[in-house]
Structures are given as structure tokens and as C-alpha cells.
Amino acid sequence: MRMSLMALIVVSTVGLVGTGATIGIVDYFAGDLPSINAIQTSNLIQTTRILDRNGDLIEALYHENRTVVPLSKISLKLQRATIDTEDRTFYDNSGVDYRRLAIAIVYDITHHTSTLGGSTITQQVVKNDVLDTDEAQSRTVSRKFRELLLAEEMERRYTKQQILELYLNTINYGNGAYGAEAAAVTYFQVHASDLTWAQASFLAGLPQAPSSYNPFGTPDQQLAAMDRWGQVLDGMVAVGDLRRSEADAIYASDLLKKMVAVRQSMPAAHNAVTAHFVDYIEHYIKLRYGEQALYEGGLQITTTLDLKTQAMADKWVKAGVNTYARRGVNNGAMLVMNPSDGEILAMVGSADYYNASIRGQINLTGMDPLGWRGVGSSFKVYTYGAALQAGIVTPASLVNDQTGVIGGHSFSDWDGKHEGYIPLRKALAESRNLPALWTYSLAGGDRIVSFMHNLGVTAQIENPEGVATTLGHDALSMSEHLAAYSAFDNGGYRVSPHAVLRVTDASGKVLEALDASAGRPQVISPELGYMMTDLLRGPVKLYLGGLGSRPVAGKSGTTEAYTGSIFIGYTPDIAVAASLMHIDAGATCNSGYAYLATNFPPSGWQCPTAMWAQPAGVVTRQVCSYDGGFVTSGGYNEIFLKGSGEPRYPCGANPYPGQKPYTPPVPSPSPAPTPTGTPSPH
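The rules behind these values
- Residues numbered from 1 in each chain as written.
- Predicted model: local features only at pLDDT ≥ 70, side-chain atom pairs only at ≥ 80, totals over all residues.
- Heavy atoms only, no water.
- Phe/Tyr/Trp six-rings, centres within 6.5 Å; stacked < 30°, edge-to-face > 60°.
- Helix = DSSP H or I, 4+ residues; strand = E, 2+ residues; numbered from the N terminus.
- Buried < 20%, exposed > 50% of the residue type's maximum accessible area, 1.4 Å probe, protein only.
- Disulfide = S-S within 2.5 Å.
- Pairing = 2+ DSSP bridges.
- Axes fitted to C-alpha atoms, helices over the stretch in contact; angles between N-to-C directions.
- Salt bridge = Lys/Arg side-chain N within 4 Å of Asp/Glu carboxyl O.

Colleague: What is the right way to read the packing of aromatic side chains from this model?
Modeller: Two numbers describe a pair of aromatic rings. These are the distance of the centres and the angle of the planes. In this structure the tally under the stated criterion is 13 aromatic pairs. Both rings, one in Y187 and one in F216, keep their centres 5.5 Å apart while their planes meet at 20°; by these two values the pair is stacked. Taken together, the positions of Y187 in helix 10 (residues 180–188) and F216 in the loop between helix 11 (197–205) and helix 12 (219–239) put the pair 29 residues apart, joining distant regions of the chain. You'll find Y187 and F216 in the same group, each marked buried. What links up through ring pairs into an aromatic cluster is the set Y187, F188, F202, F216, W229 and Y251.

Colleague: What exactly am I supposed to notice about the state of the cysteines here?
Modeller: Inspection of every chain in the model, using the stated rule, returns one disulfide. C624 shares a disulfide with C651; S-S distance 1.9 Å. The chirality of the disulfide connecting C624 with C651 is right-handed, given an S-S dihedral of about 100°. Here C624 is found in the loop between strand 19 (618–623) and strand 20 (636–641), whereas its partner C651 is found in the segment after strand 20, with 27 residues between them in sequence. Here C624 matches C651 in class, with each residue buried.

Colleague: Please clarify how the pairing of strand 7 (residues 344–348) should be interpreted in this entry.
Modeller: Regular strands show a simple pattern: their side chains alternate between the two faces of the sheet. In terms of burial, strand 7 is a largely internal element, five of the five residues being buried. Here four bridges tie strand 6 (residues 331–337) to strand 7, and the two strands are oriented antiparallel to one another. Its bridge partner being in strand 7, M334 is matched across the sheet by V348. Once strand 6 ends, the chain turns through six residues before running back antiparallel as strand 7, passing G342 with a positive phi of about 85°.

Colleague: When you look at the sheet that holds strand 14 (residues 500–504) in this model, what are you seeing that I'm missing?
Modeller: Working definition: the strands of a sheet are paired by backbone hydrogen bonds and lie parallel or antiparallel to each other. Strand order in the open sheet formed by five strands is 2-1-5-14-15, and the pairing between neighbours is mixed. Single-partner strands in this sheet number two, and they are strand 2 (57–61) and strand 15 (510–513). When the angles between neighbouring strand axes are averaged without regard to direction, this sheet yields 15°. Inspection of the sheet shows strand 1 (residues 48–51) paired to strand 5 (residues 300–303) by three bridges, in the parallel sense. Each residue of the ladder has a partner; that of R49, found in strand 5, is Q300.

Colleague: Whenever I open this one, the pattern of salt bridges confuses me. Can you help?
Modeller: Opposite charge on two side chains allows them to pair when their charged atoms are near. Going through the model one piece at a time under the given rule, you end up with 21 salt bridges. The partner of E153 in a salt bridge is R156, with the nearest N and O atoms 3.0 Å apart. With a gap of three residues between them, E153 and R156 both fall in helix 8 (residues 141–157), about one helical turn apart. We classify R156 as exposed; its relative accessible area is 55%. The closest approach of N and O atoms between R425 and D534, which form a salt bridge, is 2.8 Å. With R425 in helix 19 (residues 424–429) and D534 in helix 23 (residues 526–543), the pair connects residues that are 109 residues apart, well separated along the chain. Overall, R425 belongs to the partly exposed group, its relative accessible area being 23%. Connected through salt bridges with shared partners, the residues D401, D413, D415, E419, K426 and R432 form a single ionic network.

Put into C-alpha cells, the structure is as follows:
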């Protein structure tokens, strides 16, 4: 009865064409047809793309995977294959092919089924893009009647080219691909403009039943896809777009086999190598623009990441974990940054994103608080930096590595030894604990924490007045820690970690762009930055062999009761934070490996060629090893902040408690002059 009634309505509609009644019916059913602006391709749901700094795709995010392109960028082969398959009278009909519709109705009535379709391309656009979802899925006579009238009205308002462009940008091709561009990339890794006859004919058959014709699915689905492809090719031969021999050759090709092989070789949609970075970008964009913009807005997010550097960093993290696995290491992280502006070049949040036993999805680079960790002795730079800035010490100052009782509390060093009073430079290079504890006590916790915060570390320190703070047990963000070190590297400017260079919307409008100079205040003097860098070259020279002769500065630290180690290092143009650790899946870490910090290798894979330039405000003076006082000869060269930081006492005037009185060195006798005419020895 329902199908018979539909037939009657269609016949009546044909009979009414051109009458005043038709106008009234069309006004009633089509009066609320959206304007072209409401359904044109620029307003369709589109895929957001996250790109690296070079424009290479990192990941696509979508509810519907769609990239809208103009009809001129969709292969004519796909246009022809689609018309041949879906609507051969497309350029001649008025939006409804009544002859085809009548045949379909008769077939459905006589066969007691509704499988033979009669919809034109225009009708499919109406169903997919004009009718709401509930109405489009209903099977009532009134819905079909409204669809026919709206298709006729759409043909009056829009050109055939506009309608075909809408169809090819909206139709579902399966496997999450909506529209021709997404389909071409999903199935063949090419643009829609570059499709061959074989590729175009295969895609043209998918919209009829995309879940059934799945070339990546079960054997039955693959067989159905091949059968459907054959039907499309037969149709193209029937209308003369392909010769029979061409169609047979296309069908006999190994297109499906190649598609499946390429699909299997591609990484997972959420690639583990970049997963932590993508998670961070998603969080950032959601906060600024909302979830709908992220997954439906067609944004293009150009990030600071360099995929080649990212792959290298991921490789080194995994290599480090493997190398030290026998010592209990099961996880690691690395962050690579441009020290001049905080641009993140690589972010490896864990050694294995999908490994739950090491909490692999927690980003250990500290871009979220879950990944904040203790930083061990790498915290000492804030202690020494604040004390140097205040003029409390100089690099030549003798600091206490003798007395282990401070404020009534007993402390010992990592090796259980005491070296007496040693120069600050040596104390930092060897990462001696007692000198750092005494310097923290002299400078005061408030001064040191303020210095740290001024460099951009936002963590709240549990007990600022406790001298043990300098040993780095408080959890910090690795990214902020690295950015703070970058101020020593870049001339004293505070930088923040940045992951986004530019965001544009689907129309190409720039929504935001990174201004590298904005939010980059001078927080320490260039002279202090240079001095800290020069001091931080000490650990590299002492422990890292050949790197010591290169412009590399850095500091290591042992973290969280010996459950891991960290290294913060930099050159004039790159800064790296790397960590190795043991992490348990439970609520607490139960491991303890004191030797993990021993001989810890830094990344070391960047080889800079430039050295830092010494500012005019840093001067070199000769001092003696007795107490750091100035001498004219017989001492060693040290650098100082010009003016307030220079030594003001002569060698021997400031002995540490219990030190023997200073005895000036006896000058070496001058060599006797060589008699005239006698050759001097070589």
C-alpha cells in the first residue's frame, strides 16, 4: 500500500508540473530549503590536521574525515565514474529522474522489496545535507515526496556543478572517509585530483554500501567490494567512458592487493611516536577553541615539532631504556627545545605509549602535572645562580664540603667523602651536595625559589627554608625546567615551552600565530647567563668525554630515591632534557637503583659548531686556589661579573676556618742568558 501510494503521488506530481497547484506544494515543502550559504561545501564538517613545522602530517582528527576541495580539484575520472554509476542522466534531469523512479517503484512492488534505488545525485544531496538525520532515515511517503520536491527546487537554485561538488565532498566512502579527497587519501594515498581510472571506478562504487564493500575488511567484504567494482566498470563500458578491454584490464589488476598491503604497513591512527605530543595539542586546542572546532572545524595546526628530530629522540629514549634495562630502567623521556624562544622540536613522553605497566600514557616531559618528577641535583643551578646574582659567592669562592651538620641536621655526600673547602666551580662540576646545602643556607630559600620562579618554573616548593630543597626532591615540570635552563643559554630571557606555530581555519584565516618575541622578558643579566653556562660546562668536561671540548653545558640529577636520573643540557642553539627511570604500574614506585645516575649518557646527537660569546660585563681575573683572592701571577683564570662580582681581597686574606696560613709561592728563577754565539737548545 505504501509503495502504491508513492507511485500515485509521483504520477500526480508529474501531472501537476506547470500548474499553480505545483507552486503551492513546492512553497509548502521547499519553502524552508536552506540557502546556499547554509549547505555550501565551506560549511561542511571537516578534518583537522596537525602538521609538523615543515608541513608534514602528524595526525588527522575528525568526527567525519573530510577535506573539502573545489570540483576543479576532483579528478574528472571520478566525476565521470560517479555519474555513470549513480545518475547517468545527471546533466539532463531536473533533479528527479521520473522514468528511473517509476521503474524502481514497479520493480519494488512486483518483487515485494525496496532494494532497487531510483535516487539521483541531487536527491542524495537533499537526503544527506538538507533533511535532518531523523527525517532522512525515515521511510514514509511524505519524506519521499518532500525529497522529490526539494530536489526539483535545488536544481532551480544551484548549478549542476555546485550540486556535484556538494555530493563529492559529502558522500560517505567508508573507513571514516567522507568526500572524495579523504577517500583518495584513505584508500590510495593520493589527492582526489590524481586518481586513475582504476582508483576512480573503485571509489565510485563504495557509497552504495560502504560498510559492505570494505577492501580492508573480511574476505566476504573484500569479495563484495570486487563484485561492486565490476558492476561499476560494466556501467562505464555501457555509457562509453571505457572500452571493454580497458575495463577488463583494470579489473584484472592487483589494485585491491596493493591497497591492503599499504594499509597494513601504515602506523596506527594514533602513532605511538608522536602520541604524547598529539595529546597535548588536542588539549591545547580544546581549551582555546572547543571540541567541535577541533574535530569538525577543518583547522590546520602547524606545530613546532620536527618529525625527523622526533624520530631521533624516540630512538634514543628506547635505546637508553634497552641499554640500562639490566639495571632496572623501564621508561624514559626526552624533550628537545629551541632555547631562544621555547619552541618544542621533539617530545617523547615515555618509552612506550601503549605500555600500561610503565604508565606509558603519562607524559613524563611534564606538559601536564601527572608527569612532574623530582629533578635531583639539577636543581642546584638555581641555588648557585641566585647566590651568584646576589654577590654572595663567585665561581672562585671556596665552599664548604667539610662540615656535614647544617642547622642541626646531618647530611652526607653521594660518595660519603669530604673534600674540604673547594672552589664553587669544582663543587658544581662534581655535583657535591654539602657545598650546595651550605650555599642554599647562605643565600636563603626565599631568594632561591624566587630566582627559580623568575626563570619560569611554576612548581610550588614544599619547604623553601629547608636546605635539602637544593637536592631536588620537589616535583617539577621537565619542560619548565628545561625552559629555565634556556635563560642561561639565550642571554637571560625567560621563555615558555611552545608547541604551536600557527592555527588556521578551513577558509585559511589565521586564528593565531606564534610571536617568538612576545612574553620573552629579560629576567637575568646576559653576564650571569654566560657565567652559569661556563660553570655548567664543568660537568660535561668532567664526565662526558669528547663532548667537553664542544660548546655543551649541562647538569645531571638523580631523582626520587634513586628511581631515575635526569640530564638537562644545551648548546648555543638547542636544549635537551632527557631522563631514564623505573616506573611501576601501581600507586607507588617500589624500585631503588642508586647506580642509575652513574655515567648517565646525555643525548649527545647534536654537534654544534658555535661557542657562546662572552659579554662585556663578564671579566677574567687571575685568582689563587688558596681562598679565591686575586693574584698577579701563579694562580688560575676565573670569570666574574664586572664590578660587584670581582674578588676584592688579595690571595691569602680570606682563609677558611682551620686553614694553614697562606704562603706565597716562591718565584721560579729566571733562566740564565744564553752566551752570544752559542746556539740555544730546542
